[in-house]
Amino acid sequence: MITYDEKEQIFHLSNKKISYLIQIEAGGIPAHLYFGKAIRHYHNHFRYPRTDRSFSPNPPLSTDRQFSFDTVMQEFPGNPGDYRTLSYELLHESGSKVSDFRYYGYKIEEGKPLLSGLPATYVKEPADAQTLTITLKDQLYDLYLDLSYTIFADQSVVARSNQLRNESNELVYISKLASLTLDFSSQALDLIHLHGTWSKERMLERERITAGIKLLDSKRGSSSHHQNPFAALAAPETTEKSGEVYGFSLVYSGNHQITVERDPYEQTRLIMGMNPHHFSWKLNRGEVFQSPEAIMVYSDQGLNGMSKSFHHLFQNHLVRGRYQYEERPILANNWEATFFDFNEEKVLAIAEEARNLGAELFVLDDGWYGHRDNDDSSLGDWVEYKKKLPEGLLGLSNKIHDMGMQFGLWVEPEMISEDSELFRQHPDWALHIPGRGKTIGRGQFVLDFSRKDVRDNIYQQLKQIFNKVPLEYVKWDMNRNMTEVYSVLLSAEQQGEVAHRYILGLYEFLEQLTTEFPDILFESCSGGGGRFDPGMLYYMPQVWASDNTDAVSRMQIQYSTSLVYPISTIGAHVAAVPNHQTGRITSLETRGNVAMSGVFGYELDLTHLSAEEKEVMKEQVHFYKEHRQLIQFGDYYRLKSPFDGNHASWMFVDSEKSHALVFYSRMMAEASSAFHVLKLTGLDSTKEYEVEGQVIGGDELMNIGMYIDTEMWGDYASKMIALKAVE
Ligand code: DGJ
């Protein structure tokens, strides 16, 4: 898959789908030639053109005035003379921030090495991937940059990461080390990204790239509700179904930064990696610093093609453990049913109703520990609140299991309340700067997870519970962002490391916990989808997508989340109306149809249902069980965007193309409305499908389409249509 043309110094990474071309250019710079559709054989015709560009200087000792680092398309720019955004920045002992890395050598290996201490995509067989490492060396110091590229045998994906090795006699401080850089030659491009806030995560934005720099980032200590670590660059004509698009995703859960710069020659440079904001890493002699991994996807089949590649990669090469391919249970969670106001009797009553509906797992949410009656106390004290649970978690778990249901528990291990035994004993365990006040968020502080002693204490507390109480599921929450990012155990010159050390500590914790408890299904959560990123998916196969449970908001949130993340990772629940976040009233059918488009559950007081509602829910549970394999693990296609108009639609197709499920919703009802046609996708054009009692060809459904909303009534109406191929 990877070849090296020694004479022309060209690396060609390719499989049947994509090619990636790198050439070692004048002065030993790895120049970027191409990333896109597979090329059979590259004939070396695309070397960067030579021309004398005024005010773009030439490298030291160069006699060629027509070549400048300022203009050439590069793989990992950082040398003097390139005035664009750079991939790295180092501070040397001399006080200089100038580095000058040049080509030193390369290595090609079978498979894909693990990244020490960091989540990353993996392959099970060495034949499934090949990895190229290009090594650069600084001209003055024995500092080495290892640029790593993995191409997977059967996917339109390249995974990249970088290492800095200090083999010099000097200290070096890293202020920036990106995970990937990709330069594009002059062409019109749209930037697609997912921004938002709490309860409004991953809002889809598409904008034309114009001259200058666009910066997307998180400085919050987590990947955040505010900017998902994802971006795509697409040709302006690219749609869901057709056209070229390049997708980028960072396998990291902390501060990140994406910059997109269009230079004066209309070239575009995208850089993705950890956020350099407040970051600095002291690299001693003999030490290595590893960047997180970034994923690049190429699709010439539009955004659906890009998503398919991300879904396939994350499903098969990122998510791990027992639940990677196992159908996820239908759960009932008590949070929006009771908030903090519950006792054993109340939750057992909800669990019993859930069981009667056919749900499989009951989850006890926040409020079961310390003396937690509101969000002001007890985080850090992971012992049962006997006032609410007189027989403890063990008693409750036994009763839930006796009902024939699984039992799950909510925890928020990274946090500490001022009103907690833990804080009284260890006030210095919260992130803080001695002498300064502590910024408070949701009445709580963030534990210093960069410290091993802190992590060990929390680990032991959790372990005790997980060993004592039979548990099939754990929801891991994280309800505020970091401030006063300072660790009292680290020296002054290492304080820029704390945010990253926190994430490394979190990853170490999760690796240990998920290894020790391999049968627990973990769901990641951060006030909903505040840490919905590939880093967390490496440890936890599903994520509570948003605290916004309103079906209409969820259509947008789930639609845009699907751009990157597989459906098996997207937690979605039916909640009460009027909705707690928006006050909106939608029908139980629509709430069900939207929640059934993800990993399904209920989150409302089931003891207050009418007989009619119970019947509808029983049908939903039955329907979901029947189609769960298709929904969670089938191919997913977006058909109509809820960001673009009055409709939302998507569909699921199984690998044999013999079963499909179409979701459609019309937002606002209209009198005398047009008849809308929905064209399906992903079906087998040679098969006939049974659709609502009629037999229709796959070619007809995809090309002619069908009238979709003729019998819809009222606002936010929706339907699910099942398709089955006829033999
Ligand atoms: C935020 C989560 O997203 C909710 O589902 C719930 O678990 C609360 N935290 C509990 O505090």
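The rules we used
Residues numbered from 1 in each chain as written. Predicted model: local features only at pLDDT ≥ 70, side-chain atom pairs only at ≥ 80, totals over all residues. Heavy atoms only, no water. Near = heavy atom within 4 Å. Polar contact = N/O pair within 3.5 Å; in protein donor to acceptor, adjacent residues only side chain to side chain. Phe/Tyr/Trp six-rings, centres within 6.5 Å; stacked < 30°, edge-to-face > 60°. Buried < 20%, exposed > 50% of the residue type's maximum accessible area, 1.4 Å probe, protein only. Lys NZ or Arg CZ within 6 Å of the ring centre and 35° of its normal. Salt bridge = Lys/Arg side-chain N within 4 Å of Asp/Glu carboxyl O. Helix = DSSP H or I, 4+ residues; strand = E, 2+ residues; numbered from the N terminus. Axes fitted to C-alpha atoms, helices over the stretch in contact; angles between N-to-C directions. Parallel < 35°, antiparallel > 145°, perpendicular 65-115°, else oblique. Left-handed = near helix turned anticlockwise from the far one by under 90°. Contact = heavy atoms within 4.5 Å. Nonpolar A, V, L, I, M, F, W, Y, C, P; charged D, E, K, R; others polar. Domains from an automatic or database assignment. Buried area = accessible area lost by both parts, 1.4 Å probe. Pairing = 2+ DSSP bridges.

A. Local environment of the site of the ligand. Around the ligand, a shell composed of 13 residues is seen, among which D365, D366, K475, D477 and D547 lie nearest. Contacts to the ligand include D366, whose side-chain N or O atom sits 2.6 Å from an oxygen atom. In this structure, an oxygen atom belonging to the ligand sits 2.4 Å away from a side-chain N or O atom of D547.

B. Layout of the packing of aromatic side chains. On inspection of all chains with the given rule, the structure shows 40 aromatic pairs. Residues Y538 and Y539 carry aromatic rings whose centres are separated by 5.1 Å and whose planes lie at 90° to one another, so their mutual orientation is edge-to-face. A residue is classified by how much of its surface remains accessible, and Y538, at 8% relative accessible area, is buried. The positively charged end of R53 is found above the aromatic ring belonging to Y265, 3.8 Å away from the centroid.

C. How the structure looks around the pattern of salt bridges. A full pass over the atoms with the stated rule returns 53 salt bridges. One salt bridge connects K137 with D142, and the closest N-O pair in it is separated by 3.4 Å. For D142, a relative accessible area of 35% translates into the label partly exposed.

D. Examining unusual backbone geometry more closely. Residues V577 and P578 are joined by a peptide bond in cis, for which omega reads -5°. With respect to the helices, strands and loops of the structure, P578 is situated in the loop between β29 (570-575) and α10 (588-595). One non-glycine residue, S224, lies in the positive phi region at around 85°. With respect to the secondary-structure elements, S224 resides in the loop between β13 (212-218) and β14 (227-234). A positive phi angle is found at K657, which is not glycine, with a value near 60°. Turning to its location among the elements, K657 is positioned in the loop between β32 (647-653) and β33 (659-666).

E. Geometry of the packing of helix α9 (residues 551-561) against α10. Packing of α9 against α10 brings their axes to within 9 Å, and their N-to-C directions diverge by 20°. Viewed along their axes, α9 and α10 adopt a mutual orientation that is roughly parallel. Judged by the twist between their axes, the crossing of α9 over α10 is left-handed. On α10, the residues touching A551, R554, M555 and Q558 of α9 are T590, R591 and V594. Grouping the constituent residues of the contact of α9 with α10 by class yields three nonpolar, two polar and two charged.

F. Inspection of α10 at higher detail. With respect to burial, α10 is a largely interior element, seven of its eight residues being buried. Within α10 the residues assigned to the buried category are L588, T590, R591, G592, N593, V594 and A595.

G. Structural view of the domain arrangement of the protein. Looking at the assigned domains, one finds that the protein contains domain 1 (322-417 + 448-481 + 521-633) and domain 2 (647-726). Distance from the C-alpha centre of domain 1 to the C-alpha centre of domain 2: 31 Å. Listed as interface residues are 17 residues of domain 1 and, on the opposing side, 18 residues of domain 2. Between domain 1 and domain 2, roughly 1,300 Å² of surface is buried when both sides are summed, and carbon and sulfur atoms account for 77% of that area. If you sort the residues of domain 1 by the area they bury against domain 2, M555, N593 and L630 come out on top, with a joint share of 41%. Applying the counting rule to domain 1 against domain 2 returns zero salt bridges. In this assembly, domain 1 and domain 2 are joined by five residue pairs in polar contact (both at pLDDT 80 or more).

H. Focus on the sheet that holds strand β35 (residues 688-691). The strand order across the open sheet built from six strands is β31-β32-β33-β38-β35-β36, with neighbouring strands paired in antiparallel fashion. In this open sheet, the two strands that pair with only one neighbour each are β31 (635-640) and β36 (694-697). For this sheet, the mean angle separating the axes of adjacent strands, direction not counted, is 25°. Pairing of β32 with β33 involves seven bridges; the strand directions are antiparallel. Bridge pairing in β33 places F652 opposite L661. Taken strand by strand, α9 contacts β31, β32 and β33, and its axis lies near 45° from that of β32.

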